[in-house]
Amino acid sequence: MNNSTDKSLKYARWIAIATLAALAITGFGQMPLYKRYYVSSIPGFRWTADYYITHNIHYAGAIILLTLTAYYTTRYFMQFRGVYRITRQGFGIILFLAVIAVSGILKVIASQKGVYFSLDFIFFLDLLHIIFSVLFLISAGIFKIIKLPWVERLEK
Amino acid sequence: MNHKISRRDLFTKGAKRTAAAGIAAVALPQAVKGATGSELATLLDLRKCIGCEACVYACKDSNAKKYPEPVKPFPVMHPVKRVKVEDWSENRDETTRLTPYTWLYIQRVKVYYNGKEQELNIPRRCMHCENPPCANLCPWGSAHKQSNGITVIDTELCFGGAKCKDVCPWKIPQRQTGVGIYLKFAPSLGGNGVMYKCDRCYDKIAQGEIPACITECPEGVQKIGPREDIIREAKAIALSEGVYLYGLEENGGTNTIYISPVPFDVIDRALEKGDGKPHIQPVADSMASADLLSKAMVIAPLAGIAAAAGKNFRMLKKIFSPEKENNE
């Protein structure tokens, strides 16, 4: 793999990290916490108490992440499969992200005009989305601390 | 309503709901009811309302079993300066605004229009939006929309964070502290009671009955029916009788349509507004930008796949181009 590919992966990695951070901040902002606990009183953080702003940023983050995921998944199967290997913990992370994405997408569908999900199903989606988000954050943090990579470069 | 829910109950209920939803998820098409089933809407003709409050008391009588019975003393909630107790349990008879015990009240207004003074009485309650932000943005799904167009708050799941009130263009839901599920977790740190609002007697409607506020009205101010029929009728009356409509386009469309002989901007200017006393101004669709972004969400993965395919195609073209072959 050439240097430009490695460089593009490096940029994508930082975009993904920034997007995931924005998704986590705005995701937890869907609960009424930031105003209660004065986060929105910090200069420059007033927007965290506006549910419409955090909701739209959350959606925008999801768009970026879905685009990146589709782009690199396609490239992985077309080009990188012989170069990189997804590790066991990488598969765990993929599972968590997949559940978060599917439950999130279903929540988006549920909030469309003329679409009705049962209360039980919405509660189930909310629970899944929150639990797997927390699991993802904890496991990603642990893997980072103990230096377990999600992907490994295969030996030439 | 005195819900005695233990933490165990919650998890049992949660597990049951999760299991039920898991099964429902398998049969997803059955769980999703599309726009084929018509939503119900109400038409309120303000020309007929005499402000007798029969609807207000009918609502109170009919829904008394759903009212909160808070546990006192209330837990100390932190930060004390930021989290205020909202207790209406000692003032249940208040009828001059919306409260957790008054889901419908009469807004009285005197307006000067076309050179004469007129008194109007406006029954105010939840508008039951077509695309309700309270339901779309509730973090626990406790506020949810039914396929018949009614938005209901599940009092067993609500933590009383009042997000539904914050995102409601009319600030309709009202909070009662000291009741609900938050008491079973960390009441000092999260939640503050339960939110209450008109549920349009969803339980009566489920039994094929009419909401109490409609049946008890001596003047026949309100009528209920399929949204398309109600809208058709409202538009026809507006056209033939030169009256004004409110609720048709507000917040992207609601299931509560008001008919008034006076323009609503004139009414709004004269209206006493404040907490529990909603305005009657034009309202833009709160979910419009989110709806736009959700459309982009459908395109996003396709764009990613296309970009990756394009990139690979360019790389392959470069590798197998004649120049490359010549160079080699």
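Quantities reported herein were computed from a predicted structural model and do not represent experimental measurements. (Residues numbered from 1 in each chain as written. Chains lettered and ligands numbered in written order. Predicted model: local features only at pLDDT ≥ 70, side-chain atom pairs only at ≥ 80, totals over all residues. Heavy atoms only, no water.)

### A short note on the nonpolar core
Formed by 50 residues in total, the largest nonpolar core has its most connected members in Ile122, Trp170, Tyr246, Tyr258 and Ile267 of chain B. Sorting the residues of this core by element identifies α3 (54–63), β2 (105–113), β3 (116–124), β7 (194–196), α7 (212–215) and α9 (264–270) of chain B as the ones contributing at least two each. With 5 residues, β2 of chain B is the largest single contributor of residues to this core. In this structure, tyrosine 246 of chain B is in contact with Met127, Trp170, Thr256, Ile257, Tyr258, Phe264, His279, Ile280, Gln281, Pro282 and Val283 of chain B, ignoring residues within four places of it in sequence. Tyr51 and Val108 of chain A together with Leu137 and Ala290 of chain B belong to the second-largest nonpolar core, a separate cluster that totals 12 residues. (Core = buried A, V, L, I, M, F, W, Y, C linked by side-chain atoms within 4.5 Å. Buried < 20%, exposed > 50% of the residue type's maximum accessible area, 1.4 Å probe, protein only. Helix = DSSP H or I, 4+ residues; strand = E, 2+ residues; numbered from the N terminus. Contact = heavy atoms within 4.5 Å.)

### Notes on the sheet that holds strand β1 (residues 40–45) of chain B
Strand pairing in a sheet relies on backbone hydrogen bonds, with the paired strands running either antiparallel or parallel. Residue and element names in this part refer to chain B. Pairing is mixed in the open sheet, where 4 strands are placed in the order β8-β1-β10-β9. If you trace the sheet from one side to the other, it starts and ends with β8 (222–226) and β9 (244–246), each paired once. If you compare each strand with its neighbour and ignore which way they point, the axes differ by 25 degrees on average. Along the sheet face, helix α8 (residues 227–241) touches β1, β8, β9 and β10 (256–260) and points at about 130 degrees away from the line of β8. (Pairing = 2+ DSSP bridges. Axes fitted to C-alpha atoms, helices over the stretch in contact; angles between N-to-C directions.)

### Brief notes about the confidence of the model for chain B
Residues and elements named next belong to chain B. Of all residues in chain B, 87% have pLDDT values of 70 or greater, and the mean over the chain is 89. Here residues 1–5 is a poorly scored stretch, pLDDT under 50, and it has 15 contacts once near neighbours within four places are set aside; other chains count. Low pLDDT (under 50) marks residues 18–36, which in the prediction has 24 contacts with non-local residues, meaning those over four places away or in another chain. (pLDDT = per-residue confidence, 0-100.)

### Some details on the interface of chain A and chain B
When the parts of a complex come together, some accessible area is lost, and that lost area is often taken as the interface size. The interface is formed by 44 residues belonging to chain A together with 65 residues belonging to chain B. Summed over both sides, the interface between chain A and chain B buries roughly 4,900 Å², with carbon and sulfur atoms accounting for 66% of that surface. For the chain A face of the interface with chain B, the top three residues by lost area are Arg36, Tyr52 and Tyr116 of chain A, together amounting to 18%. Between the two partners, chain A and chain B, sit 1 salt bridge. Close ionic contact of lysine 113 of chain A with glutamate 130 of chain B constitutes a salt bridge, the shortest N to O distance being 3.5 Å. Taken together, the connections running from chain A to chain B amount to 15 residue pairs in polar contact (both at pLDDT 80 or more). Among the elements that take part in the side of chain A that touches chain B, helix α2 (residues 51–80) of chain A stands out by supplying 15 residues, more than any other. Tallied by class, residues from the side of chain A that touches chain B come to 26 nonpolar, 11 polar and 7 charged. (Buried area = accessible area lost by both parts, 1.4 Å probe. Salt bridge = Lys/Arg side-chain N within 4 Å of Asp/Glu carboxyl O. Polar contact = N/O pair within 3.5 Å; in protein donor to acceptor, adjacent residues only side chain to side chain. Nonpolar A, V, L, I, M, F, W, Y, C, P; charged D, E, K, R; others polar.)

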